[in-house]
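One-letter residues, chain by chain:
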Amino acid sequence: MKILFFNPPLYADKYYTEAEECCFGMAGKPVVPHNLLRIASTISNFRVKATFKDYAIENKTWPDVLTDLEDYNLAFTPILHGGTAHNRYLAYYEPLHHNKKVVALCYPDAIAPEVYQYLRLDYDASLRLMHQWIPRFNGNSQINYSLYPYHNTAGKVYVVQAGTGCKYNCNFCVWAGKKYQLRPVDDVINQLSHIDRVRAPRDEIFLLSSQITSDPEWLQRFVEEKTKWLPNIRFYGDIGVGEVTEAIASLLKKSGIMNATVGAEALSDGWLRKFRKPWTYDSIKRGLLALQKADVTYHLILRCGIGETQADIAESIRNLVELNNLGVKPDYVQWGKIYPYPGTDISTLEGKQEFLPELKLYVDWLKDLGWIKR
Ligand code: SF4
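These numbers come from a predicted model, not from an experiment. (Residues numbered from 1 in each chain as written. Predicted model: local features only at pLDDT ≥ 70, side-chain atom pairs only at ≥ 80, totals over all residues.)

**Section: the overall build of the protein chain**
So, point 1. The helix and strand tally for the protein chain stands at 14 helices and 11 strands.
So, point 2. Expressed as a percentage of the 374 residues in the protein chain, the buried residues total 41%.
So, point 3. Sequence-distant contacts in the protein chain: of pairs separated by 6 or more residues, those separated by 24 or more amount to 75%. (Helix = DSSP H or I, 4+ residues; strand = E, 2+ residues; numbered from the N terminus. Buried ≥ 20, exposed ≤ 12 C-beta atoms within 10 Å, placed from the backbone. Contact = placed C-beta atoms within 7 Å.)

**A word on the pairing of strand β9 (residues 257-265)**
So, point 1. Sheet topology note: the strand β8 (residues 235-239)/β9 ladder contains 4 bridges and is parallel. Across the sheet, Asp-238 pairs through a bridge with Thr-261, a residue of β9.
So, point 2. Of the crossover connections in this fold, the one passing from β8 over helix α10 (residues 246-255) to the parallel β9 is right-handed.
So, point 3. As paired strands, β9 and strand β10 (residues 298-304) are joined by 4 bridges and run parallel to one another. Paired with Ala-260 across the strands is Tyr-298, a residue of β10. (Pairing = 2+ DSSP bridges. Right-handed = clockwise from strand over helix to strand, strands pointing away.)

**Comments concerning the site of the ligand**
So, point 1. Close contacts around the ligand come from 9 residues, with Cys-166, Cys-170, Cys-173, Ala-176 and Ser-210 the closest.
So, point 2. Across the shell around the ligand, the residue classes tally to 6 nonpolar, 3 polar and no charged. (Near = placed C-beta within 6 Å. Nonpolar A, V, L, I, M, F, W, Y, C, P; charged D, E, K, R; others polar.)

**Notes on the environment of Gly-336**
So, point 1. Structurally, the position occupied by Gly-336 is in strand β11 (residues 333-337).
So, point 2. Between the alpha carbons of Gly-336 and Gly-305 there is a distance of 8.5 Å; along the sequence they are 31 residues apart.

**Things to note about helix α9 (residues 216-229)**
So, point 1. For α9, which comprises 14 residues, the first-to-last C-alpha distance of 20 Å matches the rise-based estimate of 20 Å (1.5 Å per residue) to within 8%.
So, point 2. Listed in full, the buried residues belonging to α9 are Leu-219, Phe-222, Val-223 and Lys-226. Down the axis of α9, the smallest arc covering the buried residues is 100°, so these residues share one side. When the buried face of α9 is taken as reference, the exposed residues oriented beyond 90 degrees from it are Glu-217 and Lys-228.
So, point 3. Buried positions along α9 lie against α8 (185-198) and α10. (Expected span 1.5 Å × (residues − 1). Arc of directions from axis to C-beta.)

**Some words on the environment of Asn-325**
So, point 1. Looking at where Asn-325 falls in the secondary structure, it is placed in helix α13 (residues 310-325).
So, point 2. Residue classification places Asn-325 among the exposed residues on the basis of 9 C-beta atoms within 10 Å.
So, point 3. Between the C-alpha atom of Asn-325 and that of Leu-369, which follows or precedes it by 44 residues, the distance is 10.0 Å.

**Brief notes about the nonpolar core**
So, point 1. By size, the foremost hydrophobic cluster in this structure holds 56 residues, and its most contacted members are Leu-207, Val-241, Leu-252, Val-262 and Ala-264.
So, point 2. When sequence neighbours within four positions are dropped, the list of residues in contact with Val-241 reads Val-262, Ala-264, Trp-279, Ile-284, Gly-287 and Leu-288.
So, point 3. Core analysis: the second largest hydrophobic core is formed by 8 residues, Phe-6, Leu-37, Ile-39 and Ala-40 among them. (Core = buried A, V, L, I, M, F, W, Y, C linked by C-beta atoms within 7 Å.)

**Quick word on the confidence of the model for the protein chain**
So, point 1. In this model, the protein chain carries an average pLDDT of 73, and 59% of its residues clear a pLDDT of 70 or more.
So, point 2. Segment residues 137-154 is flagged for pLDDT under 50; beyond a separation of four residues in sequence, or across chains, it makes 41 contacts in the model. (pLDDT = per-residue confidence, 0-100.)

**A few points about the packing of α10 against helix α12 (residues 281-294)**
So, point 1. α12 packs onto α10 with a crossing angle of 45° between their chain directions and a minimal axis gap of 8 Å. It follows from the interaxial angle that α10 and α12 lie oblique. As for how α10 packs across α12, the hand of that crossing is right-handed. Together, Glu-246, Ala-249, Ser-250, Leu-252 and Lys-253 of α10 and Ala-290, Leu-291, Lys-293 and Ala-294 of α12 make up the contact between the two elements. (Axes fitted to C-alpha atoms, helices over the stretch in contact; angles between N-to-C directions. Parallel < 35°, antiparallel > 145°, perpendicular 65-115°, else oblique. Left-handed = near helix turned anticlockwise from the far one by under 90°.)

Structure follows, in structure tokens:
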């Protein structure tokens with residue numbers, strides 16, 4: 001059996017999931033389809049010949065994909081993803097529906113359950129496989145999976161892996177509970193310095209990790225080294241809002257982070273517990289106020305679709321208004337539904353995806369306060 005895994009073409013005006021970043025390569029963002037690569041490399045190590053193409057970064061279109069499918073003459077071509085419930089997503093794959101060779105819209109466990117178990121149970125081993133495997137398709141062993149042009153812009157984005165795994169265990173996340181490990185600061189600095197030599201002025205850098213704030217000593221050393229060697233490099237990256245004290249916020253400011261990604265997910269304690277987020281509303285408030293004070297630009301992720309109640313929504317609106325009155329102002333908010341990925345704990349929860357009419361009120365408040373666009 002031969003399998004082609006691919007990151008499909010992007011339409012400039014159409015994302016195919018409401019999440020804007022996705023390690024399965026489903027979103028119109030420059031993040032490497034990390035888990036898709038992990039699955040492909042693991043499967044190829046088991047019993048099938050696998051290859052990978054990134055039509056998004058190659059600026060290809062669906063006709064190119066269909067021609068390639070003919071050329072590969074594959075037995076079948078699975079596409080791995082977790083967002084099948086979304087109408088836009090289904091429509092996006094319409095060009096593939098008539099191709100008899102293609103099994104689209106399937107889950108990893110539909111292809112090879114033992115492989116998926118392996119991916120879930122031995123994260124480190126599957127990462128090692130991915131690291132060995134990736135240079136085979138991009139031919140670049142030094143930066144492995146870090147050189148990716150930015151979708152839909154003139155510049156490129158260089159994605160630098162700062163770490164893997166996460167200390168926390170949110171029930172919707174594919175990184176949940178996986179051993180948190182940051183790369184040695186010197187490795188990250190060396191990689192940034194290489195990128196600094198080869199990049200064009202408009203190119204951007206994304207420092208990929210669950211959050212660079214989880215290890216204050218690492219962050220302190222990173223800031224010291226970066227200030228010494230690469231003071232002008234700026235980057236995007238994820239932070240853990242509940243970990244942000246004034247001291248951490250000040251380090252973040254010095255680090256050169258441009259627009260920190262803050263995965264708050266919800267603004268009420270009950271709702272946060274449903275996501276199994278490690279934060280409380282108070283810790284989110286403290287973190288956001290510290291970011292504001294240190295003048296760190298950030299955007300906030302808020303999600304729904306996990307059985308939130310009228311009380312959760314009412315409390316969230318009250319807290320939203322409080323934050324707004326305190327002068328909290330995210331650069332923008334990513335608001336969207338959760339799509340449970342098979343294998344994540346959220347996928348087995350009852351009562352998910354029930355959308356209460358009161359959610360509209362919450363969205364109206366977010367719009368009225370200018371947190372999301374009208
Ligand atoms: S804190 Fe972020 S990376 Fe960690 S498990 Fe939760 S959502 Fe995933």
